[in-house]
Amino acid sequence: RVEREHPQQEYSIKQIRQENNMITLIAKLSFKQGKMEEAVALLKEIAPHIRESEPGCLEYIPHTVKGEENTIIFYEKYRDKDALKAKPAATLAKA
């Protein structure tokens with residue numbers, strides 16, 4: 001489990017699974033009170049472009065979580081380890 005802290009968010013990778021070289025990543029991002037709307041707006045803007053800008057990214061799907069007002073779960077799938085390594089480290093660091 002990897003955790004990173006940012007003044008507005010807490011990030012943890014919940015699961016990494018490898019199948020036929022493909023890697024599936026499930027990550028949880030918890031935002032501080034009052035930052036969720038800003039994060040959702042940013043995701044609506046950038047999520048469609050992430051797959052285009054990351055050639056090895058096959059899926060990038062953020063989900064809000066019922067009952068956890070300030071949480072977003074990300075489902076990400078990458079072609080292989082090299083594609084995951086090429087992923088920018090902090091897509092939402094400014095949110």
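Computed from a predicted model, the values in this text were never measured in an experiment.

## A short note on the packing of aromatic side chains
So, point 1. What the rule picks out here adds up to one aromatic pair.
So, point 2. Ring centres 5.6 Å apart and planes at 45° place the aromatic pair Y60 and F74 in the tilted group. Linking Y60 in strand β4 (residues 57–65) with F74 in strand β5 (residues 68–78), this pair joins segments that are 14 residues apart in sequence.
So, point 3. Relative accessible area serves as the criterion here: at 8%, Y60 is assigned to the buried category.

## Some remarks on the side chain of E54
So, point 1. Secondary-structure assignment places E54 in the loop between α1 (36–53) and β4.
So, point 2. Setting aside residues no more than four positions away along its own chain, E54 makes contact with Y78, K87 and P88.

## Concerning the nonpolar core
Considering soluble globular proteins, one finds that nonpolar side chains tend to be buried as a cluster.
So, point 1. In terms of nonpolar packing, the biggest core is built from 15 residues, with F31, L43, Y60, I72 and F74 touching the most fellow members.
So, point 2. For this core, the elements supplying multiple residues, two or more each, are β3 (22–31), α1, β4 and β5.
So, point 3. At six residues, the largest contribution of residues to this core is made by α1.

## Points about the pattern of salt bridges
So, point 1. The tally for this structure, following the rule as stated, stands at three salt bridges.
So, point 2. The salt bridge partner of E68 is K28, with a shortest N-O separation of 3.4 Å. You can see E68 sitting in strand β5 and its partner K28 sitting in strand β3, a full 40 residues away along the chain.
So, point 3. Taking relative accessible area as the criterion, E68 reaches 34% and is therefore assigned partly exposed.
So, point 4. As a salt-bridge pair, E38 and K35 come within 3.4 Å of each other at their nearest N and O atoms.
So, point 5. Accessibility expressed as a relative area gives 39% for E38, which makes it partly exposed.

Parameters and conventions
Residues numbered from 1 in each chain as written. Predicted model: local features only at pLDDT ≥ 70, side-chain atom pairs only at ≥ 80, totals over all residues. Heavy atoms only, no water. Phe/Tyr/Trp six-rings, centres within 6.5 Å; stacked < 30°, edge-to-face > 60°. Helix = DSSP H or I, 4+ residues; strand = E, 2+ residues; numbered from the N terminus. Buried < 20%, exposed > 50% of the residue type's maximum accessible area, 1.4 Å probe, protein only. Contact = heavy atoms within 4.5 Å. Core = buried A, V, L, I, M, F, W, Y, C linked by side-chain atoms within 4.5 Å. Salt bridge = Lys/Arg side-chain N within 4 Å of Asp/Glu carboxyl O.

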